[in-house]
Amino acid sequence: MSLTALISVSDKTGIVEFAQSLSQLGVRLLSTGGTAKLLAEKGLAVTEVAEVTEFPEMLDGRVKTLHPKIHGGLLARRDVPAHMAALKEHGIDTIDLLVVNLYPFEATVAKPGVTLADAIENIDIGGPAMVRSAAKNWKDVAVLTDASQYPQVLEQLKAGQLSDALRFQLSVAAFNRIAQYDAAISNFLSSVQLDDAQAGSETYTPARGEFPGQLNSSFIKLQDLRYGENPHQNAAFYRDLYPAPGSLVTAEQLQGKELSYNNIADADAAWECVKSFSAPACVIIKHANPCGVAVGANPFEAYSKAFQTDPTSAFGGIIAFNRPVDAAAAEAVSKQFVEVLMAPDFSPEALAIFKAKANVRVLKIALPQGGATPWDNGRNAQEVKRIGSGILVQSSDNHVLAAADLKVVTTKQPTPEQIEDLLFAWKVAKFVKSNAIVFCKDGMTMGVGAGQMSRLDSARIASIKAEHAKLSLQGTAVASDAFFPFRDGLDVVIDHGASCVIQPGGSMRDQEVIDAANERGVVMVFSGVRHFLH
């Protein structure tokens, strides 16, 4: 096989074995610096690039492949006689395979305390230039930018030749990689707040803004969707280049119909909510709002309590557990119409039960480990919302409230049981669309009022929901995602049985609301944090 491969890799995973296979196929090997040394040490016949260019590597390796004898060999079209004549005139050989992965810029800048000098030094110049040259000339040059591509290329080479389909696929992957690489560099450098006095120091660690001057994001398409929110809208599902562990995009679908746009949006709301609990929990979502949330001794108990909150809205809902689903929980869930079911795992008995409901979408998602609470760390650091021809970017609402953070503002003090209910209600309210009012007791939601223009209306709707579910609100804890602007909303929840209330505080009329709580003989605590969700 009369082919030439140029190999220059920073990440040397699998490269020796790949080069050995190429050599056995008769492929001539060219390489640079450290890669060439490694291959030679393994007994492979390899020609250094410096021998081809007749020019030494220089400037600490910054210049080694930026040469006509390299880029001519990559860019020349074999089907254009003038190109081939030019190569012959200047003594340039063609290069048929390019194997390059880039300096580890992303990994370098992810390290705490990275210096500006180290970041700059890990910006690859020659690598991207070669990759672009080879990717442009994809019909004649196969470009490999990741070790995962080695097996497929070897398989086709052993069979005789590389297909145009594979060559084009490799080219697209190469341009995608360059785009991701340049985006990472731009994001980092445009977030640097340069101090002129220190910029020249090799040990200078620059301050960085949370939001870069130019935001470049990379997403990988997972699938096209049947349609968007409505049938006349087109849609696709993408994931982050580096997804957060335990996020919805890491799910494995075990059975059921293809996920729809609305399924995915609701499933994300359910999963983000349920993994914020450390005790066994179940969350039922309908139209992006929790209609039932509960903790219990096991998944069956958690589901049974969550379902009680609003059986009507639970019909056709999205259900998430933060514990493996066993037969008892599966049997209970199977009695209702459910669109999507999510959990860290499912017992064989549970999966057998759902096989009878072939349309139910069953997703298995590994929970993230660690963080402030057992499952709290699997959320993205930032959230993005499209606004006209722009985007809004904010840090995610990852605030975790502890009992020690609560400020009791009423004469009456909360009992330990009330503190527990208040914290549970507050955690649920974080995932309810504003304005949010949530009644809870004994680790379950009793009534949820969501997405109303008036907080007073949310309070009334939450109580109506409880009435329809035949749940008593006597002695419940109530969470309000933002402050009560007047005492009327507070009076409504107390009229329906609330004995304690948690809200952020911060209103001009806080004292009026506190006085009303004292007058009505209920506990009120301030969280000092607002949880708007729009």
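Residues numbered from 1 in each chain as written. Predicted model: local features only at pLDDT ≥ 70, side-chain atom pairs only at ≥ 80, totals over all residues. Heavy atoms only, no water.

As recorded in an unreviewed UniProt entry, the protein goes by Bifunctional purine biosynthesis protein PurH and comes from Lampropedia aestuarii. Of the protein, the UniProt comment under Sequence similarities (unreviewed entry) reads exactly: "Belongs to the PurH family." (UniProt positions renumbered as here; feature names shortened; annotations may be inferred.)

Engineer: Mind showing me how you'd approach the pattern of salt bridges here?
Structural biologist: Side-chain pairing between opposite charges can occur once the charged atoms of the two side chains come close. Summed over all chains, the structure comprises 16 salt bridges. The partner of Asp224 in a salt bridge is Lys221, and the shortest N-O contact between them spans 3.2 Å. For Asp224, a relative accessible area of 49% corresponds to the partly exposed category. Note that Asp491 and Arg487 form a salt bridge whose closest N and O atoms lie 2.8 Å from each other. Taken together, the positions of Asp491 and Arg487, both in helix α18 (residues 487-495) and four residues apart, correspond to about one turn of that helix. Salt bridges linked by common partners bring Arg487, Asp491, Asp495, Glu519 and Arg520 together as one network. (Salt bridge = Lys/Arg side-chain N within 4 Å of Asp/Glu carboxyl O. Buried < 20%, exposed > 50% of the residue type's maximum accessible area, 1.4 Å probe, protein only. Helix = DSSP H or I, 4+ residues; strand = E, 2+ residues; numbered from the N terminus.)

Engineer: Sorry, what's going on with helix α17 (residues 455-468) here?
Structural biologist: Residues that lie three or four places apart on an α-helix share one face, since the helix turns once every 3.6 residues. Under the 1.5 Å per step criterion, the end-to-end length of α17 is 20 Å for 14 residues, consistent within 8% with the ideal 20 Å. Restricting attention to buried positions, one finds in α17 the residues Arg455, Leu456, Ser458, Ala459, Ala462, Ser463 and Ala466. Summarising the axial view, the buried residues of α17 lie within an arc of 165°, below the 170-degree limit, and thus occupy one face. Across α17 from its buried face, at more than 90 degrees, point the exposed residues Glu467 and His468. Turning to α17, the residues buried within the fold contact β19 (437-441), β20 (444-449), β21 (476-480) and α18. Where α17 ends, the next residue or the one after it, Lys470, has phi of about 60°, a positive value. (Expected span 1.5 Å × (residues − 1). Arc of directions from axis to C-beta. Contact = heavy atoms within 4.5 Å.)

Engineer: What's the story with the side chain of Ser434 in this structure? I'm lost.
Structural biologist: Along the chain, Ser434 falls in the loop between α16 (416-429) and β19. Residue classification places Ser434 among the buried positions, given a relative accessible area of 12%. Polar side-chain contacts of Ser434 include one of 2.9 Å to the backbone nitrogen of Leu533. (Polar contact = N/O pair within 3.5 Å; in protein donor to acceptor, adjacent residues only side chain to side chain.)

Engineer: Looking at this model, I keep getting lost on the pairing of strand β2 (residues 28-31). Mind explaining?
Structural biologist: Residues in a regular strand project their side chains so that they alternate between the two faces of the sheet. Examined bridge by bridge, strand β1 (residues 4-9) and β2 share four bridges and lie parallel to one another. Among the inter-strand pairings, Leu6 is bridged to a residue of β2, identified as Leu30. For the handedness criterion, the β-α-β arrangement of β1, helix α1 (residues 15-24) and β2 is classed as right-handed. Bridge count between β2 and strand β3 (residues 46-48): three bridges; the pairing is parallel. By the bridge assignment for β3, Leu29 is matched with Val46. Between the parallel elements β2 and β3, the chain passes through helix α2 (residues 33-41) in a crossover that is right-handed. (Pairing = 2+ DSSP bridges. Right-handed = clockwise from strand over helix to strand, strands pointing away.)

Engineer: Would you mind going over the layout of surface pockets with me for this structure?
Structural biologist: Over the atoms rolls a probe the size of a water molecule, and in doing so it shows where empty space is left. Considering only enclosed or pocket space, the second largest pocket measures out at about 580 Å³ in volume. Counting only elements with at least two residues in the lining of the second largest pocket, the list comes to α6 (105-109) and α10 (164-189). Looking at the lining of the second largest pocket element by element, the count peaks at six residues for α10. Classifying every residue of the lining of the second largest pocket by side-chain character gives ten nonpolar, nine polar and four charged. (1 Å grid on protein atoms, 1.4 Å probe; cavity = no way out; pocket = protein on both sides within 12 Å on 5 of 7 lines; lining within 4 Å. Points joined across faces, edges and corners; volume = space filled by probe spheres on them. Nonpolar A, V, L, I, M, F, W, Y, C, P; charged D, E, K, R; others polar.)

Engineer: Please explain a nonpolar patch on the surface as it appears in this structure.
Structural biologist: A contiguous nonpolar patch, built from Phe55, Met58 and Leu59 and spanning about 290 Å² of accessible area, is present on the exposed surface. One can find Leu59 in the loop between α3 (49-53) and α4 (68-75). (Patch = residues over 30% accessible without salt bridge, like charges linked within 9 Å, V, L, I, M, F, W, Y side chains within 5 Å. Areas by Shrake-Rupley, 256 points an atom, 1.4 Å probe, with all protein chains shown as cover.)

Engineer: Honestly, the domain arrangement of the protein in this entry has me stumped. Any pointers?
Structural biologist: Accessible area lost on assembly of the parts is the figure often given for the size of an interface. Each assigned domain of the protein is listed here: domain 1 (4-191), domain 2 (249-364) and domain 3 (403-526). Each of domain 1 and domain 3 has a C-alpha centre, and these two points are 62 Å apart. (Domains from an automatic or database assignment.)

Engineer: Looking at this model, I keep getting lost on the nonpolar core. Mind explaining?
Structural biologist: In globular proteins that are soluble, nonpolar side chains generally tend to be buried together. Grouped together as the largest cluster of nonpolar side chains are 51 residues, with contacts concentrated most on Ile319, Phe321, Phe439, Leu490 and Val493. When residues of this core are assigned to domains, at least three fall in each of domain 2 (249-364) and domain 3 (403-526). Once residues within four sequence positions are removed from consideration, Leu490 is found in contact with Phe484, Val501, Val513, Ala516, Ala517 and Met524. Counting residues in each nonpolar core, the second largest holds 48 residues, with Ala270, Trp271, Leu401 and Phe424 among its members. (Core = buried A, V, L, I, M, F, W, Y, C linked by side-chain atoms within 4.5 Å.)

Engineer: When you look at the confidence of the model for the protein in this model, what are you seeing that I'm missing?
Structural biologist: For the protein, per-residue confidence averages 91 on the pLDDT scale, and residues scoring 70 or more make up 98% of the total. Contacts for the low-pLDDT stretch residues 371-376, under 50 throughout, to residues beyond four places or in other chains number 23 contacts. (pLDDT = per-residue confidence, 0-100.)

Engineer: When you look at the pairing of strand β14 (residues 338-343) in this model, what are you seeing that I'm missing?
Structural biologist: Burial analysis of β14 places five of its six residues in the buried class, which makes it a mostly covered element. Note that the unit made of strand β13 (residues 317-321), helix α14 (residues 327-333) and β14 has a crossover that is right-handed. As judged from the four bridges shared by β14 and strand β15 (residues 361-364), these two strands associate in the parallel manner. Considered in β15, the bridge of Ala343 is made with Lys364. Note on the crossover from β14 through helix α15 (residues 348-355) to β15: the handedness is right-handed.

Engineer: Looking at this structure, I do not really get the sheet that holds strand β5 (residues 142-144). What am I missing?
Structural biologist: Two pairing modes exist for strands in a sheet, parallel and antiparallel, and in both the strands are linked by backbone hydrogen bonds. Strand order in the open sheet formed by five strands is β3-β2-β1-β4-β5, with parallel pairing between adjacent strands. One side of each edge strand has no neighbouring strand; the edge strands of this open sheet are β3 and β5. Looking at each pair of strands side by side, their axes are set apart by 20° on average, direction ignored. Contacts from α1 reach β1, β2, β4 (97-101) and β5, with the element oriented near 170° to β1. (Axes fitted to C-alpha atoms, helices over the stretch in contact; angles between N-to-C directions.)

Engineer: Sorry if this is basic, but what is going on with the packing of α4 against helix α8 (residues 126-136) here?
Structural biologist: Orientation of α4 relative to α8, taken along the N-to-C sense of each, is 25°, at an axis distance of 8 Å. Classified by the angle their axes make, α4 and α8 are roughly parallel. Along the contact surface, α4 presents Ile70, His71, Leu74 and Leu75, while α8 presents Ala129, Met130, Ser133, Ala134 and Lys136. Class assignment for the residues of the contact of α4 with α8 results in six nonpolar, two polar and one charged. (Parallel < 35°, antiparallel > 145°, perpendicular 65-115°, else oblique.)

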